[in-house]
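Residues per chain, in single letters:
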Amino acid sequence: MPDTSHAYNHVGGVYFPIAIGVFALLLVTLLILLVRGARRRPRPGRQSNALPFELSYAFVLVCVAAFLLVVTFRAETPLDRTAAHPALRINVTAAQWSWRFVYANGASVSAVSTWHPPVVPVPTGEEVEFVGTSRDVIHGFWVPQLHFQRQLLPGYRTRFDLRLDRPGRYGGVCSVFCGNQHAEMHFALEAMSPQRFARWLQSQSATGETGTAGAP
């Protein structure tokens, strides 16, 4: 799955002008009704029937809501799919209040302390599958730069894909309150070239050492 921020930015770009348009339409309608009502002299026994106008307004709102639903589902459905053959699989375990990432060759990255979040190397331009779970309570795997969030549940394995096309560090946090050190539950994805990542992963396998927090 590509950088999810592009998909959500597109959805936000559709929602925002429509929200402004609906608000402006409602505001203008209220102003017109107030002005007309203030100028009109009340006549005993006369009833005002604006049913055609009300039906037309409701129809427009239903059409807008249906359009937004289609846009939302078209954006979210591809983001929920996982690759059949990911280039890399990483097991993620969240616990109060730390993260642990384990690669297929046994190399792992975990937090030294809550003040030193784990830095997780991943290759750029390739599908990376994460298999996440929790050891205690519900935690949230959230990468704000990517607009990406998945919940990790105790006793359940959550699978999701990410593909980072640009090198750099993408900070992550737990998005679900999980205790008194929730605010310190950080991690980071370090996107690097596939060649550099391969050298790092091979060095971890060759030395038998476990990666810890810090840039590789």
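Residues numbered from 1 in each chain as written. Predicted model: local features only at pLDDT ≥ 70, side-chain atom pairs only at ≥ 80, totals over all residues. Heavy atoms only, no water.

Looking now at the confidence of the model for the protein chain. Where the model shows low pLDDT, its predicted coordinates should not be examined in detail. When pLDDT is averaged along the protein chain, the result is 81, and 80% of the positions lie at 70 or above. Counting contacts from residues 207-215, a segment whose pLDDT is below 50, to residues more than four positions away or on other chains yields 21 contacts. (pLDDT = per-residue confidence, 0-100. Contact = heavy atoms within 4.5 Å.)

For the rest of this paragraph, the subject is the nonpolar core. The biggest cluster of nonpolar side chains holds 32 residues, and the ones touching the most others in it are Ile90, Trp99, Phe101, Tyr103, Phe130, Phe141 and Leu189. When residues no more than four places from it in sequence are discounted, the contact partners of phenylalanine 130 are Ile90, Val92, Val122, Phe141, Thr158, Arg159, Phe160, Leu162 and Leu189. One finds Val11, Leu68, Val71 and Ala75 within the second-largest nonpolar core, a separate group that totals five residues. (Core = buried A, V, L, I, M, F, W, Y, C linked by side-chain atoms within 4.5 Å. Buried < 20%, exposed > 50% of the residue type's maximum accessible area, 1.4 Å probe, protein only.)

This brings us to empty space enclosed by the protein. Applying the stated criterion across every chain, the model contains one cavity of 30 Å³ or more. What the largest cavity holds in volume is close to 30 Å³. Forming the boundary of the largest cavity are Val122, Pro123, Val128, Phe130, Leu162, Arg163, Leu164 and Leu189. At the level of elements, strand 4 (119-123) and strand 5 (128-134) are the ones that each hand at least two residues to the lining of the largest cavity. (1 Å grid on protein atoms, 1.4 Å probe; cavity = no way out; pocket = protein on both sides within 12 Å on 5 of 7 lines; lining within 4 Å. Points joined across faces, edges and corners; volume = space filled by probe spheres on them. Helix = DSSP H or I, 4+ residues; strand = E, 2+ residues; numbered from the N terminus.)

Let us now look at the pairing of strand 2 (residues 98-103). In strand 2, alternate side chains face the same way, and those of Trp99, Phe101 and Tyr103 are buried while those of Ser98, Arg100 and Val102 on the opposite face are not. Pairing between strand 1 (residues 88-95) and strand 2: six bridges, direction antiparallel. Opposite alanine 95, over in strand 2, you have serine 98 as the bridge partner. Once strand 1 ends, the chain turns through two residues before running back antiparallel as strand 2. Both strand 2 and strand 3 (residues 108-110) contribute to a ladder of three bridges, which runs antiparallel. Across the sheet, residue valine 102 finds its bridge partner in strand 3, namely serine 108. The hairpin turn running from strand 2 into strand 3, its antiparallel successor, is four residues long, and glycine 106 in that turn takes a positive phi close to 95 degrees. (Pairing = 2+ DSSP bridges.)

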